[in-house]
Structure formats: C-alpha cells, structure tokens
Amino acid sequence: MTDGRQEGAGRPKGEAFRAGGIAAGGRTLATYCRRHPIMATMASIVILSAFFTLFPGVDLAVSHLFYDPQSGFWLRGDPYLRRLRQIGPFLLRFLAVMLVATVFLRLLMPSLKRLVDPRVPLFLLSTLIVGPGLIVNALLKDHWGRPRPVRIEDFGGSFPYVPVWRISDYCDTNCSFVSGEASSATWIVALAVVVPVFLRRPLAAILVALAFPLSLNRIAFGGHFLSDVTLAWAITALVILVAYRFIYEVPPACLRRDALDRAFDRGGAGLRSGLARLGAWFGRRWRDPM
C-alpha cells in the first residue's frame, strides 16, 4: 500500500495543492458548521434567499417536472402520496396532544418529577408554536401573498410568478411562501434531540427519511415551490437550534431544570388546589340543588 504522499506524487504540484486546499476548506467549513450551527443556519437562509432571487427559473424548472399541460400536476391524485400527506398533520396533532397531556400529568402528579424532564415539553411546544405556528403560518404564509404554483400562469393559473421574500397581493391567506407542512416536518425531526443519546442518530435518520417526502410532495402537488420548502426547513431549523441553545446548552437561571421543576411544583400545587375547590363546589351543588 502507498501513503498519501506517494499517491499525490504523480500529480502536478499546483493541482495537488489545489486539491489539498479544497479538502482542507471542506473540513474547515464542516467544522465551523458543527461548532456554530446557529450562524451556519442563518447563513443558509441568506444563501438560499439569494440563490432563488438570482435564479428564479430553478423554482419553475423543478415544478415543471411534475406538471403536464393536459393533466396539470398529475401526482395530485396519486392515492399513496395523498395518504402520505395525511401522516404529517396526524403526527403533528398527536405529538402536540401528547406533549400537553405530559404537562398536565406532571402538574397533577408530583411523583412523575423524576420521569418527566420539564425541558422536553417546553422545548418542543415552544418551537412548534414559534416556528410552524407564528413565523411560518401566522407571519409569512398569511402576509407575503405569494401565489402557489398551481395558481400561476406557467401552470395554468392566472397570477405571475412572485420571487421569494417579495410581498404581493395575489394571495390573501394560507399562501405559498413558505411551506407550512415542510416546516412541521422539520419540527418533527426535533424529537431526535430530546431522546437518550444512543437513540438520537437512528431516530434522526428515520424522521429525516419521513420529513423529506412529506415536504417534497408539496412540490409534486403544485402546492409549493422548491424555495418554499427549503426556506421552511432552514427557518424552522433556526428556531429549533436557538431554542435548544437557550433551554439545554446555556439556559438562563429561569430555564434551568431545577428552576423549571420548582415552577412545575408550584403550578401543580395551585392547579390541584383549584381542582379540589371546584370539586367541592360541584359536590355541594349536587347535594343541595336549588
């Protein structure tokens, strides 16, 4: 076997230097992204925004892959993809209900203190509310006015193509920019960071494998552009990373686990006392009806 120096000896010195520089640059970039994921994600939002602004034809070209002038977006009627689309909203509602139920059980049953880490529901519920809820659906989708692919002239509609981040009045509510379902699918992947360490990688692989088709079938259905999906991924990932930073890595005093446990204990005591008084009031009303 030959070592790396022997293998590179036959190449011109300049070519070997450039190859080594590219490899070193790639390692440096990967290292920076691992060490500074929030900054890297912010940079990805800027880069994606600039790319789709400079090359809007990419959006149209990708959507054209799923469009036929006679049948429109022909995958919209595919029964398997329609069932796949239902998985995302179902998982979202199921997880939200389970998280809220976990909070109430922790408040009502102090004995669960050792089993329930209060940071988990705080992290997941806050990122769900802020990411897919407030930023994506309430702010962007309802106020940016970008028409969906199926509604623009290139795909049989009546509106023009509107670039990313440009506010228009072609759509009043629940518009194309950005994709709510891609944002929700990205949020589901956040489950992988709150499970035990040995489960994180396999669970992340499973959830990413689910989130990817859940997101991309919105392009196949003519509901979103590629830019809507990729920017939804990046924006939601940024919310998740910031929340993880301030809840798990460098939390302020009020968000440390011991402080959250005390807050849950106080809230649980108040809730149990209130329920006891309410039960006593109903008991009196039951015994002595007017």
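What you see is a predicted model, and the numbers here were worked out from it, not measured in a lab. (Residues numbered from 1 in each chain as written. Predicted model: local features only at pLDDT ≥ 70, side-chain atom pairs only at ≥ 80, totals over all residues. Heavy atoms only, no water.)

Peer 1: I keep staring at helix 6 (residues 119-143) and nothing clicks. Help me out?
Peer 2: Residues spaced three or four apart along an α-helix point in a common direction, a consequence of the helix completing one turn every 3.6 residues. Along its length, helix 6 reaches its greatest deviation from straightness, about 40°, at V136. What helix 6 keeps buried is the set R119, P121, F123, L124, L125, T127, L128, G131, P132, V136, L140 and K141. Among the structural elements, helix 5 (79-108), helix 7 (180-189), helix 9 (226-249) and helix 10 (257-287) are those in contact with the buried residues of helix 6. (Bend = angle between axes of the 7 residues up to and from the residue. Helix = DSSP H or I, 4+ residues; strand = E, 2+ residues; numbered from the N terminus. Buried < 20%, exposed > 50% of the residue type's maximum accessible area, 1.4 Å probe, protein only. Contact = heavy atoms within 4.5 Å.)

Peer 1: Please explain a nonpolar patch on the surface as it appears in this structure.
Peer 2: The grouping of V100, F104, L105, L108, M109, L275, L278, W281 and F282 at the surface amounts to a nonpolar patch, some 810 Å² of accessible area in total. Relative to the helices and strands, L275 is located in helix 10. You can call L275 partly exposed: its relative accessible area is 44%. (Patch = residues over 30% accessible without salt bridge, like charges linked within 9 Å, V, L, I, M, F, W, Y side chains within 5 Å. Areas by Shrake-Rupley, 256 points an atom, 1.4 Å probe, with all protein chains shown as cover. Salt bridge = Lys/Arg side-chain N within 4 Å of Asp/Glu carboxyl O.)

Peer 1: I'm lost on the confidence of the model for the protein in this one. Help?
Peer 2: Any residue range with low pLDDT should be treated as having predicted coordinates unsuitable for detailed reading. In the predicted model, the protein carries a mean pLDDT of 90, and 90% of its residues have values of at least 70. Across residues 1-9, confidence stays below pLDDT 50; counting only partners more than four residues off in sequence or on other chains, it has three contacts. (pLDDT = per-residue confidence, 0-100.)

Peer 1: Where do I start with the side chain of D228 in this structure?
Peer 2: Structurally, D228 is set in helix 9. Looking at D228, its side chain comes within polar contact range of the side chain of R146, at 2.7 Å. Among residues more than four places away in sequence, those in contact with D228 are R146, S176, F177, V178 and S179. (Polar contact = N/O pair within 3.5 Å; in protein donor to acceptor, adjacent residues only side chain to side chain.)

Peer 1: How should helix 3 (residues 37-54) be read in this particular structure?
Peer 2: In a regular helix each residue adds 1.5 Å, so 18 residues correspond to 26 Å; helix 3 covers 25 Å between its end C-alpha atoms and thus fits that length. Of the positions making up helix 3, those classed as buried are A40, T41, I45, S49 and F52. (Expected span 1.5 Å × (residues − 1).)

Peer 1: Just checking my understanding: could you explain unusual backbone geometry for this structure?
Peer 2: Negative phi values dominate among residues other than glycine, just as trans dominates among peptide bonds. V178 follows F177 through a cis peptide bond whose omega is -5°. Residue placement: V178 occurs in the loop between helix 6 and helix 7. One non-glycine residue, W165, lies in the positive phi region at around 65°. Here W165 shows up in the loop between helix 6 and helix 7. Residue classification places W165 among the partly exposed positions, given a relative accessible area of 34%. For N174, which is not a glycine, the phi torsion comes out positive at approximately 50°. Inspection of the secondary structure puts N174 in the loop between helix 6 and helix 7.

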